[in-house]
Amino acid sequence: MRELFDDIPEQAPLDPQEAVRRHIRTPKRKRFYTSAGVAEADGGFSITLDGKQIRSPSGKPIMVPTRAIADAVAAEWNAQGETIDPVTMPLTRLANSVVEGVIDRVDEVADDAAKFLGSDLLFYRAGHPETLVAREAQHWDPILFWAAETLGAHFVMAEGVMHVGQPEPAIKAARAAFPTDPWPVAALHVVTTLTGSALLALALAHGVRDEDEIWAAAHVDEDWNIEKWGVDEEVAARRAARQVDFKAAAGVLREFRPG
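Residues numbered from 1 in each chain as written. Predicted model: local features only at pLDDT ≥ 70, side-chain atom pairs only at ≥ 80, totals over all residues. Heavy atoms only, no water.

1. What about the overall build of the protein?
Our working rule: For the purposes of this entry, the term helix denotes a DSSP run of H or I that reaches at least four residues, the term strand denotes a run of E that reaches at least two, and both are numbered from the N terminus. Exposure classes here rest on a 1.4 Å probe applied to the protein chains alone. A residue is buried below 20% of its type maximum, exposed above 50%, and partly exposed in between. Contacts are assigned to residue pairs with any non-hydrogen atoms lying within 4.5 Å of each other. Accessible surface area values rest on a Shrake-Rupley calculation with a 1.4 Å probe, where residue burial reflects the displayed protein chains alone.
A count of helices and strands for the protein gives eleven helices and seven strands. Burial statistics for the protein: of 259 residues in total, 47% are counted as buried. A separation threshold of at least 6 residues defines the contact pool for the protein, and within that pool the share at least 24 residues apart is 65%. Per element, the accessible surface of the protein, about 12,600 Å² overall, is 51% carbon and sulfur.

Dropping the structure here:
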């Protein structure tokens, strides 16, 4: 499995997905195993290929914290055809990301995601037309109300794209609600970067909204434009590719949801 990826450099990007994704090689490698399975191990579960544990690009053993995630990773390997396509294996890539770029710097990765709290997608509202204004409010206001009422994070809204500074107490209050385990931190970072919103990622992590609602909230403006002007096939293809990683990260956050 290591040969599917180039080695990750010591100074890998803080984006845990990018730390692995930028090193995926082409052409694809032929499938070299019969089946993937899951084995219990100290501290969690390992994924095996014909009984041999998979490892990260730099050779570190990959341990998965829950049976559900481990089964899903194994399913990705079993779903491969004659060749192995890492792009179709988002949970495997996330597992590599955790081992290579998150375990030893959980706070750094969380802080990197928290930077979005200074200019979150949800803060910048359209001034017109009324239908778009209403749709943004429908999808975004409940999450902002939750952040204020539950987390004590009171943010400032703005119209248009001019930057508005956010109160430091609000940023700190929201940051305090971030997970602390490497796996959900990695997943939260993925959702944040894919949606442009740390608040949407937090709402998903805490079960305030489900993954379909969060994905829709992240694409309010885009969907409104699609309704008006039609679908751009290239944009739609990129969105579908991003959604693959989003769903994988959402599944991890669901496993670690508080309460």
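2. Describing the pairing of strand S2 (residues 36–41)
Quick reminder of the rule: For two strands to be treated as a pair, DSSP must find at least two bridges joining them.
In the sheet, S2 pairs with strand S3 (residues 44–49) via six bridges, with the strands oriented antiparallel. The residue of S3 that forms the bridge with Glu-40 is Phe-45. From the end of S2 to the start of S3, which pair antiparallel, there are two residues, and Gly-43 there has a positive phi angle of about 85 degrees.

3. Structural notes on helix H7 (residues 182–195)
Threshold: Any helix carries an expected span of 1.5 Å times its number of residues minus one. Any pair of nitrogen or oxygen atoms within 3.5 Å is treated as a polar contact; in protein, a donor-acceptor pairing is required on top of that, and neighbouring residues in sequence qualify only through side-chain atoms on both sides.
Its 14 residues give H7 an end-to-end C-alpha distance of 20 Å, which sits within 8% of 20 Å, the value for a rise of 1.5 Å per residue. Where H7 begins, the capping side chain belongs to Asp-181, and its oxygen is found 3.0 Å from the backbone nitrogen of Trp-183. Trailing H7 by a residue or two, Gly-196 shows a phi angle of about 80 degrees, which is positive.

4. Observations regarding the environment of Asp-112
As for its placement among the helices and strands, Asp-112 is situated in helix H4 (residues 106–114). The spacing of Asp-112 and Thr-193 is 81 residues in sequence and 9.9 Å in space, taken between C-alpha atoms.

5. As for the environment of Trp-140
Residue placement: Trp-140 occurs in helix H5 (residues 130–151). Spatially, the C-alpha atom of Trp-140 lies 8.8 Å from that of Phe-123, the residues being 17 residues apart in sequence. If sequence neighbours within four positions are ignored, Trp-140 has contacts with Leu-121, Leu-122, Tyr-124, Arg-125, Ala-217, Val-220 and Asp-221. Within polar-contact distance, the side chain of Trp-140 engages the backbone oxygen of Ala-217 at 2.8 Å.

Keep in mind these values describe shape, not function.
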